[in-house]
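Next come the chains, spelled out residue by residue.
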Number of protein chains: 4
Amino acid sequence: RNDANEHDRHTVVAMNPRLTEITVIGDDDTGLIARITSLLFERGVNIEDLDQAVRQDLFRMTMRVDTSEMDGSKDDLRRALDDLCEELGMDVQVRFPADRETRQVAVLATKESHCLDALFDAWETGDPDAEIGVVVANHDDLAPIAEAHDVPFYDVGDAGGVPDEEWLLDVLADHDVDLVVLARYMRILSPNVVFRYESRIINIHPSLLPAFPGAEPYRQALDAGVRVAGVTAHYVTTDLDQGPIITQRAFNVPDDATVADLERRGQPLEAEALVEAVRLHLEDDLVVGRGRTHLRN
Amino acid sequence: RNDANEHDRHTVVAMNPRLTEITVIGDDDTGLIARITSLLFERGVNIEDLDQAVRQDLFRMTMRVDTSEMDGSKDDLRRALDDLCEELGMDVQVRFPADRETRQVAVLATKESHCLDALFDAWETGDPDAEIGVVVANHDDLAPIAEAHDVPFYDVGDAGGVPDEEWLLDVLADHDVDLVVLARYMRILSPNVVFRYESRIINIHPSLLPAFPGAEPYRQALDAGVRVAGVTAHYVTTDLDQGPIITQRAFNVPDDATVADLERRGQPLEAEALVEAVRLHLEDDLVVGRGRTHLRN
Amino acid sequence: RNDANEHDRHTVVAMNPRLTEITVIGDDDTGLIARITSLLFERGVNIEDLDQAVRQDLFRMTMRVDTSEMDGSKDDLRRALDDLCEELGMDVQVRFPADRETRQVAVLATKESHCLDALFDAWETGDPDAEIGVVVANHDDLAPIAEAHDVPFYDVGDAGGVPDEEWLLDVLADHDVDLVVLARYMRILSPNVVFRYESRIINIHPSLLPAFPGAEPYRQALDAGVRVAGVTAHYVTTDLDQGPIITQRAFNVPDDATVADLERRGQPLEAEALVEAVRLHLEDDLVVGRGRTHLRN
Amino acid sequence: RNDANEHDRHTVVAMNPRLTEITVIGDDDTGLIARITSLLFERGVNIEDLDQAVRQDLFRMTMRVDTSEMDGSKDDLRRALDDLCEELGMDVQVRFPADRETRQVAVLATKESHCLDALFDAWETGDPDAEIGVVVANHDDLAPIAEAHDVPFYDVGDAGGVPDEEWLLDVLADHDVDLVVLARYMRILSPNVVFRYESRIINIHPSLLPAFPGAEPYRQALDAGVRVAGVTAHYVTTDLDQGPIITQRAFNVPDDATVADLERRGQPLEAEALVEAVRLHLEDDLVVGRGRTHLRN
């Protein structure tokens with residue numbers, strides 16, 4: 001068996017830049033598949049891939065379709081899907097290939113600045129074909145950094161930092177966000193957000209995943225007595241800290257290290273791994289399959 | 001929230017007796033969805049439900065389709081799907097509603113006879129609309145029981161009891177088996193078997209699942225010091241002992257009980273729970289949704 | 001192998017009513033064993049059993065000792081141990097056999113009354129050789145029930161129900177409490193409490209443990225689709241919901257049951273299992289060994 | 001809280017080179033503590049530390065004792081303990097500080113030679129205060145390597161590689177083995193072996209533990225899609241691959257790497273991490289506490 005050939009088509013298709021992506025989200029999928037496949041076939045739209053998931057009673061279906069031989073305009077298709085889904089009580093999102101060229105990036109953060117800073121730096125020194133269109137946080141500590149870069153900042157958290165996810169979704173929609181980067185955003189996104197940006201949310205987690213998922217990973221690593229720790233940038237799925245790994249960095253844990261020691265060593269690597277993961281994503285270098293990422297050949 | 005209404009359409013559809021079931025299994029699904037959905041639409045066949053899974057590099061897609069307005073005959077559809085899947089290097093299985101009326105049951109067993117006996121008894125005393133068409137085992141100890149009931153018996157195990165699953169699949173196909181009952185069959189079925197009979201394999205496990213999955217559940221229960229033990233009949237999925245629960249029976253564990261004591265108390269309940277689960281399945285009383293079974297209203 | 005003989009002496013000794021129990025708790029055990037064993041031997045006190053544990057940086061050592069040939073009085077021993085432990089910065093608790101005859105029971109509760117009511121009922125109808133000396137809660141809802149039985153009630157919770165465990169420990173000490181019964185007390189006791197009352201805290205958990213530990217067990221059971229649910233009374237250890245099981249009760253889950261349905265069926269059984277477990281404990285019918293309980297022959 | 005000070009005395013004592021170590025192993029510990037502590041006190045031997053464990057119905061107690069003020073000779077103590085334990089049906093092992101100066105190392109292996117080679121190399125180039133006294137394997141493939149270094153070699157495996165652990169224990173005893181090094185020994189040692197050499201068995205595991213314990217860790221790492229993999233040398237306990245970590249090495253996983261690629265990169269690091277861990281152990285640089293190792297200051 002050749003590990004190098006294990007990419008499954010599912011994801012190669014998922015990342016195919018020629019395809020249009022249709023995501024339907026809602027409580028109840030009664031009749032959805034029959035209605036939507038009919039609608040697509042009547043318009044000469046070919047379904048290349050279809051993926052379904054249910055989390056916390058929320059249903060999501062994502063289709064990648066070929067519209068190259070479509071009858072009618074993109075607007076016609078979008079309108080027809082809107083009408084159908086409104087009738088079924090579902091939300092629908094259609095992303096044509098051209099829609100995805102905008103490359104608006106949203107950075108979500110909390111209070112730590114090192115990853116946000118590194119992302120802004122990367123934009124200044126490199127020249128990614130995308131822009132940081134908005135910074136969203138659940139506290140207001142990082143507003144000055146966004147302002148210094150003339151980027152809109154939204155604090156969607158309440159006094160205790162509990163985020164208003166409807167507001168968050170509105171902000172992401174208003175800014176036509178194509179990629180969401182969690183730069184030490186210390187909250188768990190609900191399926192309602194993750195489903196809408198599946199494969200387009202990148203998080204940095206301060207452990208060598210799959211080790212030490214969840215809270216306080218540096219503390220967990222110390223408690224486990226490891227001699228090597230690290231950080232992981234990964235796509236976010238509805239399974240916490242279990243999405244496909246994009247980049248990792250390791251570092252040695254000195255004897256008798258404290259959590260603060262690990263943070264000191266790890267934070268520059270967090271920023272580095274996250275920036276590289278974002279770059280790989282934006283340059284379309286990644287394909288995802290069976291829970292893993294691979295570099296496009 | 002009303003738990004009683006949580007049935008998801010996905011499974012209600014899955015069990016809809018009017019629908020035709022198409023299962024495609026293979027290593028690689030390249031182009032499968034586009035090709036098969038086109039083929040179906042061109043023939044006026046409506047896709048009501050679509051479900052995909054991957055286990056151990058084996059891919060499965062199951063569609064439930066409405067053929068009531070189909071152009072052409074059932075044989076035409078079957079032949080077209082056969083041709084397409086042969087071209088794609090996949091296996092396809094088409095089960096029209098009428099195909100499922102045969103109700104041939106295969107019982108898989110190893111050496112313990114109590115569940116096999118109880119199934120034969122149930123057939124004699126009750127009158128299920130189905131028949132035990134074949135008994136398959138990975139040892140030959142139970143051959144006399146099958147013979148006493150004039151039912152063909154196959155020992156597909158080698159000297160050590162390792163089953164030849166290709167042979168098993170051939171036997172199941174030759175006997176047009178519609179339901180597979182694991183009557184203390186002490187081997188794990190591979191995805192290659194499970195995928196072909198998904199939602200149509202019922203197992204009896206001697207614990208109150210989800211507690212004590214895997215080997216030696218009575219021993220596990222004793223080691224955990226429980227005061228109540230039990231048994232579970234459930235649908236088999238590719239996740240060991242985690243398929244939807246159909247029936248359960250509990251019994252008290254006497255102080256200082258041994259494994260033999262638990263077997264003595266549990267085995268009659270194993271037979272009872274299994275027979276009831278098989279009856280519920282055959283009478284179409286079960287719907288499965290989100291990993292649980294419910295009784296059809 | 002005979003399961004009936006698996007009792008380990010460790011626990012038989014632990015429950016030996018002739019023995020004196022010495023529990024030492026603190027942050028740091030430097031020199032403790034050498035000092036304390038010397039102190040005991042010099043006084044003719046024999047160590048029958050010794051058990052140590054560490055949780056969340058808190059250290060506990062429990063010794064069961066034979067003082068039948070001791071030089072000096074019980075007060076002398078107590079004073080000597082107090083002096084030594086004060087010097088070492090540890091807390092020590094000495095329970096002579098006679099101390100344990102008081103049989104003062106503390107009931108800890110939150111808002112649900114059914115278990116507390118059942119305990120008071122059991123005391124009135126039966127005649128356990130013990131008395132409910134105090135009721136402690138983290139809310140004040142149940143104060144009237146305690147008052148109706150002329151039993152002191154303490155609400156050690158703050159506005160949000162967060163309990164003050166130092167206050168709780170003071171109440172337990174002031175009332176010479178020998179057994180702590182958690183009658184749907186919806187908080188997790190810290191090791192600081194558990195260590196001080198190890199093997200003397202009984203909890204009722206609304207699932208058939210080891211299945212569904214933690215929060216919302218009825219909800220967990222429904223989500224798992226079980227057909228049999230139940231309740232468990234068990235000794236509390238520092239491992240949540242994993243202490244030795246004392247009694248269990250099972251009940252059938254009706255099709256399409258809700259959480260409320262399970263509560264309705266389960267709550268009378270919670271009360272019943274808890275009352276029986278308390279009775280077994282107070283009548284010295286239980287021995288604990290290797291994580292399981294057994295009935296004394 | 002200062003992580004650097006979390007060492008618990010328990011282990012500092014455990015590694016104290018001045019202390020004598022007494023390990024008692026058997027099925028049943030009835031009366032053991034009372035009898036053994038009396039025996040020690042009557043001889044002026046001070047118990048500094050006491051640790052007990054039970055696995056698979058096997059009981060182990062380890063005491064570290066101060067014999068500097070002992071009445072009688074070392075042989076007297078050893079004989080008295082032998083007599084007592086024979087009477088109680090237990091095995092006892094007494095290791096005086098001087099006994100531990102022999103530093104005989106046993107290497108256990110299977111078929112892979114890279115770690116065994118590296119250990120022999122380290123002995124030739126460095127000058128550890130110890131010698132490889134014996135090589136034991138469950139296959140005979142590595143016999144030539146042991147012979148080339150004039151070290152006795154025992155194949156204690158049967159045709160299928162199942163080891164005879166009684167024979168293994170005899171070999172270890174005959175060679176006065178003080179440290180057991182598992183150099184890719186592909187079998188799990190039973191508690192009967194581990195209890196006798198607790199804190200004196202070092203294993204190399206080809207993953208960054210605690211990630212990927214158990215079989216085929218490189219395969220597990222690939223399946224998890226990691227970008228950084230590694231190896232861990234650790235003390236062996238009765239909990240598989242969970243003993244205190246001594247050394248770790250990380251390496252980058254190239255895109256589309258195969259298991260063979262990981263082995264190629266990992267094996268030199270396995271040898272390096274294992275040799276360093278053995279060196280640290282032999283130079284008494286390690287203290288173990290609360291499941292972690294620390295370097296002696």
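Just so you know, these numbers come straight off a predicted model, no measurement behind them.

**A short note on the relation of the copies chain B and chain C**
Move 1: Placing chain B over chain C gives an RMSD of 0.1 Å and needs a rotation angle of 180°, together with 0.0 Å of translation along the axis. What the rotation and shift describe, once combined, is the action of a two-fold rotation axis. By C-alpha distance to the rotation axis, the residue of chain B lying nearest is B:Ala211, at 2.6 Å.
Move 2: The fraction of interface residues of chain B whose copies in chain C are also interface residues reaches 100%, indicating that both copies meet through the same surface.

**Things to note about the interface of chain B and chain C**
Move 1: If you look at the interface, chain B gives 35 residues, while chain C gives 35 residues.
Move 2: Between chain B and chain C, roughly 2500 Å² of surface is buried when both sides are summed, and carbon and sulfur atoms account for 49% of that area.
Move 3: Those elements that place two or more of their residues in the side of chain B that touches chain C are α8 (217–224), β11 (245–252) and β13 (292–295) of chain B.
Move 4: No other element matches the six residues that β11(B) contributes to the side of chain B that touches chain C.

**Regarding the arrangement of the chains**
Move 1: Taking C-alpha atoms only, the smallest gap left between chain A and chain C, which are not in contact, amounts to 11 Å.
Move 2: At their nearest point, the C-alpha atoms of chain B and chain D are still 11 Å apart, with no contact between the two.

**Things to note about the pairing of strand β9 (residues 201–205) of chain B**
Residue and element names in this part refer to chain B.
Move 1: Of all five residues that make up β9, five are buried, and the element is covered over most of its length.
Move 2: Pairing geometry for strand β8 (residues 177–182) and β9, over three bridges, is parallel. When the sheet's bridge partners are listed, Leu 182 is paired in β9 with Asn 203.
Move 3: One ladder, built from four bridges, connects β9 with strand β10 (residues 228–235); its direction is antiparallel. For Asn 203, the partnering residue across the bridge sits in β10 and is His 234.

**Regarding the sheet that holds strand β2 (residues 46–55) of chain C**
Residue and element names in this part refer to chain C.
Move 1: Overall, antiparallel pairing links the four strands, which are arranged β2-β3-β1-β4 in an open sheet. Here the strands that pair on one side only, and so sit at the sheet edges, are β2 and β4 (91–95). Each adjacent strand pair in this sheet contributes to an overall mean axis angle of 15°, direction not counted.
Move 2: Note that strand β1 (residues 20–26) and strand β3 (residues 58–66) share seven bridges and pair antiparallel. Each residue of the ladder has a partner; that of Thr 20, found in β3, is Val 65.
Move 3: Along the sheet, helix α2 (residues 32–42) makes contact with β1, β2 and β3, crossing β3 at roughly 20°.

**Side note on the interface of chain D and chain A**
Move 1: Listed per partner, the contact involves 35 residues of chain D and 35 residues of chain A.
Move 2: Counting each side, the surface lost to burial between chain D and chain A is near 2500 Å², with a carbon and sulfur contribution of 48%.
Move 3: Viewed at the interface, chain A and chain D are joined by 14 residue pairs in polar contact (both at pLDDT 80 or more).
Move 4: For the side of chain D that touches chain A, the secondary structure elements donating two or more residues are α8 (217–224), β11 (245–252) and β13 (292–295) of chain D.

**With respect to the side chain of C:His294**
Move 1: Among the secondary structure elements, C:His294 is positioned in strand β13 (residues 292–295).
Move 2: Among the residues examined, C:His294 registers a relative accessible area of 6% and is labelled buried.
Move 3: Only 2.9 Å separates the side chain of C:His294 from the side chain of B:Asp256, close enough to count as a polar contact.

**Regarding the packing of helix α4 (residues 114–125) of chain D against helix α9 (residues 259–282) of chain D**
Residue and element names in this part refer to chain D.
Move 1: Two elements in contact, α4 and α9, have axes separated by 9 Å at closest approach and are oriented at 45°. For the element pair α4 / α9, the angle class is oblique. Classified by chirality, the crossing of α9 by α4 is right-handed. Contacts between α4 and α9 involve His 114, Cys 115, Ala 118, Leu 119, Ala 122 and Trp 123 from the first element and Gln 267, Glu 270, Ala 271, Leu 274, Val 275, Val 278 and Leu 282 from the second.
Move 2: Here the contact of α4 with α9 is composed, by residue class, of ten nonpolar, two polar and one charged.

**Thoughts on the packing of aromatic side chains**
All names here are of chain B.
Move 1: Going through the model one piece at a time under the given rule, you end up with six aromatic pairs over all chains.
Move 2: An angle of 65° between the planes, with centres 6.5 Å apart, marks the rings of Tyr 218 and Phe 251 as edge-to-face. Here Tyr 218, found in helix α8, pairs with Phe 251, found in strand β11; they are 33 residues apart in sequence, far enough to count as distant. The same class applies to Tyr 218 and to Phe 251, which are both buried.

**A short note on a negative patch on the surface**
Move 1: A contiguous patch of negative charge on the surface is contributed by A:Asp158, A:Asp164, A:Glu166, A:Asp170, A:Asp174 and A:Asp176.
Move 2: For A:Asp170, a relative accessible area of 45% gives the class partly exposed.

**A look at the pairing of strand β8 (residues 177–182) of chain C**
Residues and elements named next belong to chain C.
Move 1: Of all six residues that make up β8, six are buried, and the element is covered over most of its length.
Move 2: As judged from the five bridges shared by strand β5 (residues 104–109) and β8, these two strands associate in the parallel manner. Considered in β8, the bridge of Leu 108 is made with Leu 182.

**Focus: helix α9 (residues 259–282) of chain B**
What sets the pattern is the α-helix's 3.6 residues per turn: residues three or four places apart point alike.
All names here are of chain B.
Move 1: With 24 residues, α9 extends 33 Å from end C-alpha to end C-alpha; this agrees with the ideal 34 Å at 1.5 Å per step.
Move 2: At Gly 266, α9 is bent by approximately 35°, the largest bend along its length, and proline Pro 268 sits one to four residues beyond.
Move 3: Trailing α9 by a residue or two, Asp 284 shows a phi angle of about 60°, which is positive.

**A closer look at the relation of the copies chain D and chain A**
What relates the pair of chain copies is a rotation about an axis plus a shift along that axis.
Move 1: By a simple turn and slide, chain D fits onto chain A: the slide is 0.0 Å along the axis, the RMSD is 0.0 Å, and the turn is 180°.
Move 2: Of the residues that chain D buries at the interface, 100% are likewise interface residues in chain A, meaning the two copies contact each other through the same surface.

**With respect to helix α3 (residues 74–88) of chain C**
All names here are of chain C.
Move 1: For α3, with 15 residues, the first-to-last C-alpha span of 21 Å sits near the 21 Å given by 1.5 Å per residue.
Move 2: The complete set of buried residues in α3 reads Leu 77, Ala 80, Leu 81, Leu 84 and Cys 85. Down the axis of α3, the buried set is contained in an arc of 125°. They therefore lie on one face. In α3, the exposed positions angled more than 90 degrees off the buried face are occupied by Glu 86 and Glu 87.
Move 3: For α3, the secondary structure elements touched by its buried residues are β1, α2 and β4.
Move 4: A side-chain oxygen of the first residue of α3 lies 3.3 Å from the backbone nitrogen of Asp 75; this N-cap is Ser 73.

**Some points on the sheet that holds strand β5 (residues 104–109) of chain A**
Residues and elements named next belong to chain A.
Move 1: What the seven strands build is an open sheet, ordered β7-β6-β5-β8-β9-β10-β11; its pairing is mixed. Strand pairing shows two members of the sheet lacking a second neighbour, β7 (153–155) and β11 (245–252), which therefore form its edges. Shown here is a sheet whose adjacent strand axes are inclined to one another by a mean of 20°, direction ignored.

**Thoughts on the environment of A:Leu262**
Move 1: Looking at the element boundaries, A:Leu262 is found in helix α9 (residues 259–282).
Move 2: Apart from the residues within four sequence positions on either side, A:Leu262 is in contact with A:Tyr218, A:Ala221, A:Leu222, A:Phe251, A:Val253 and A:Ala257.

**Some thoughts on the domain arrangement of chain A**
All names here are of chain A.
Move 1: As assigned here, chain A comprises domain 1 (3–100) and domain 2 (101–295).
Move 2: Its C-alpha centre places domain 1 at a distance of 27 Å from the equivalent point of domain 2.
Move 3: Roughly 1900 Å² of surface becomes buried between domain 1 and domain 2 when both sides are summed, with 49% attributable to carbon and sulfur atoms.
Move 4: Counting across the interface, domain 1 meets domain 2 through four salt bridges.
Move 5: Of the charged contacts, one joins Asp 91 and Arg 196 as a salt bridge, the two residues approaching to 2.3 Å between their closest N and O atoms.
Move 6: Taken together, domain 1 and domain 2 are joined by five residue pairs in polar contact (both at pLDDT 80 or more).
Move 7: Within the residue set of the side of domain 1 that touches domain 2, elements represented by two or more residues are α1 (9–14), β1 (20–26), β2 (46–55), β3 (58–66) and β4 (91–95).

Rules used throughout
Residues numbered from 1 in each chain as written. Chains lettered and ligands numbered in written order. Predicted model: local features only at pLDDT ≥ 70, side-chain atom pairs only at ≥ 80, totals over all residues. Heavy atoms only, no water. Least-squares fit on C-alpha atoms with pLDDT ≥ 70 in both. Contact = heavy atoms within 4.5 Å. Buried area = accessible area lost by both parts, 1.4 Å probe. Helix = DSSP H or I, 4+ residues; strand = E, 2+ residues; numbered from the N terminus. Buried < 20%, exposed > 50% of the residue type's maximum accessible area, 1.4 Å probe, protein only. Pairing = 2+ DSSP bridges. Axes fitted to C-alpha atoms, helices over the stretch in contact; angles between N-to-C directions. Polar contact = N/O pair within 3.5 Å; in protein donor to acceptor, adjacent residues only side chain to side chain. Parallel < 35°, antiparallel > 145°, perpendicular 65-115°, else oblique. Left-handed = near helix turned anticlockwise from the far one by under 90°. Nonpolar A, V, L, I, M, F, W, Y, C, P; charged D, E, K, R; others polar. Phe/Tyr/Trp six-rings, centres within 6.5 Å; stacked < 30°, edge-to-face > 60°. Patch = residues over 30% accessible without salt bridge, like charges linked within 9 Å, V, L, I, M, F, W, Y side chains within 5 Å. Areas by Shrake-Rupley, 256 points an atom, 1.4 Å probe, with all protein chains shown as cover. Salt bridge = Lys/Arg side-chain N within 4 Å of Asp/Glu carboxyl O. Lys, Arg positive; Asp, Glu negative; His and termini not counted. Charge placed at Lys NZ, Arg CZ, Asp CG, Glu CD. Expected span 1.5 Å × (residues − 1). Bend = angle between axes of the 7 residues up to and from the residue. Arc of directions from axis to C-beta. Domains from an automatic or database assignment.

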